[in-house]
Amino acid sequence: MAKIIDGKAYAEGLRGRIGKAVAALMSEHGLTPGLAVVLVGEDPASKVYVANKAKQTVEVGMNSWEHKLPADTPEKDLLALVEKLNNDPAVHGILVQLPLPGHIDSTKVLTAISPAKDVDGFHVVNVGKLSTGQDSLVPCTPVGSVMLAKDVLGKLDGLEAVVIGRSNIVGKPVAQLLLAENCTVTIAHSKTKDLPAVVRRADLVIAAVGRPEMVKGDWLKPGATVIDVGINRIERDGKGKLVGDCDYASCEKVAGAITPVPGGVGPMTIACLLYNTVKAACAAKGIPQPEM
Ligand code: NDP
């Protein structure tokens, strides 16, 4: 049976270390990192995410601002708010919650965020820095996924890694991070031929597909480490349930270690957002980034 990778516990530990780093920045440099989150509209899932982000930001001792705008906010008003936050020295991180209402061009808004405050790591400048091996703000879920893989495997040098999914939010950045960790990386997607055979090569599988329980145990090399990024809501036995992109029941019998859903990668995302905010605050002040 596979070792269960406890992302909830790891994220809790990480938030504890971030809290200590924030306290030290305050006492030694008079710096309080601050995160501004912008929510446009009433999407219920987005409201929950934003409330959790604000709560956890305050819990680690950072400043938190929530900007809630109505769903019919004109694009130019949102761009004006982003500009205001770009110019506010107390704000070190800006996060515009996605998805945005249809009348707003998300790419335009994300590009308007200063790359130095882009704690989601979606700005093309940060994407370019990541892919050219420069220090940058990296998307939170990929950072959290690689932290969990390193926690269980130690060094990743030379491992065969297969990333299933090539989105800009997860697949591509996680592949870049694994390349930087000296893995031999394959990125699979919906046009990949014989996906089970590709996955069977992997010492490390990162599944970011959005298809409930797609990866089966007999696709895995025995002992492989499985990081399941997927969050899918399904109905089973008349009840709503969250499942990953991997079929946990069959995968845990073959894998060496596996993240559960929920309780695996999910809790890492907000912890890494706080991590990125501390990183952005230190860079803005020219202070070396603390160990976290
Ligand atoms: P996207 O829908 O943007 O991308 C899915 C990727 O999977 C695409 O590259 C697609 O290929 C590929 N794909 C789809 N079907 C198949 C298939 N049958 N075989 C192989 N590849 C396939 O999703 P995201 O990257 O945004 O998210 C992926 C999952 O991660 C979702 O379940 C999402 O909920 C979850 N997620 C979890 C987060 C967390 O906090 N834990 C944060 C973000 C996402 P193609 O490009 O060819 O279409």
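Residue positions within a chain follow its written sequence, with the count starting from 1. In view of the model being predicted, local features appear only for residues whose pLDDT reaches at least 70, and side-chain atom pairs are presented and counted only at 80 or more, with totals across whole chains, interfaces and linings using the full set of residues. Only hydrogens and water are set aside when side-chain values are computed; all heavy atoms of the structure are taken into account.

Chemist: I'd like a rundown of the pairing of strand β7 (residues 204–207), residues and numbers included.
Modeler: The side chains of a regular strand alternate between the sheet's two faces. Residue exposure (1.4 Å probe, protein chains only): buried if accessible area is under 20% of the type maximum, exposed if over 50%, otherwise partly exposed. Put simply, DSSP H or I for four residues or longer makes a helix, DSSP E for two residues or longer makes a strand, and each gets a number counted from the N terminus. Taking every second residue as pointing to the same face, both faces of β7 are buried, with Leu204 and Ile206 on one and Val205 and Ala207 on the other. Strand pairing is defined by DSSP finding a minimum of two bridges between the two strands. Inspection of the sheet shows β7 paired to strand β8 (residues 225–228) by four bridges, in the parallel sense. Opposite Leu204, over in β8, you have Thr225 as the bridge partner.

Chemist: Outline the nonpolar core, listing residues and values.
Modeler: One recurring pattern in soluble globular proteins: nonpolar side chains tend to sit buried together. Only buried Ala, Val, Leu, Ile, Met, Phe, Trp, Tyr and Cys residues count toward a nonpolar core, and they belong to the same one when joined by side-chain atoms within 4.5 Å. In this structure, Leu14, Ile18, Leu178, Leu204, Ile206, Ile227 and Val278 are the most contacted members of the largest nonpolar core, which totals 54 residues. For this core, the secondary-structure elements that each account for two or more residues are α1 (7–29), β2 (34–40), α6 (140–153), β5 (160–164), α7 (171–180), β7 and α10 (266–285). The greatest single-element share of this core, amounting to 10 residues, is contributed by α10. In this analysis, two residues are considered to be in contact whenever any of their non-hydrogen atoms come within 4.5 Å of each other. Not counting the four nearest positions on each side in its chain, Ile227 is found in contact with Ile5, Ser145, Leu148, Ala149, Leu204, Val205, Ile206, Ala207, Thr259 and Val265. Of all hydrophobic cores here, the second largest spans 18 residues; its members include Ala2, Val199, Val205 and Cys246.

Chemist: Which residues make up the sheet that holds β2, and what values do they have?
Modeler: Read from one edge to the other, the open sheet built from three strands follows the order β3-β2-β4, with strand pairing classed as parallel. Only two strands of the sheet have a single neighbouring strand rather than two, namely β3 (63–69) and β4 (93–96). Within this sheet the neighbouring strands show an average axis-to-axis angle of 15 degrees, counted without direction. Sheet topology places β2 next to β3; seven bridges connect them, and they run parallel. Within the sheet, the bridge partner assigned to Val40 lies in β3 and is Leu69. Only the stretch in contact is used when fitting a helix axis, every axis being a line fitted to C-alpha atoms; angles between N-to-C directions are given from 0 to 180 degrees. Against the sheet, helix α2 (residues 44–59) engages β2, β3 and β4, with an angle of about 160 degrees to β3.

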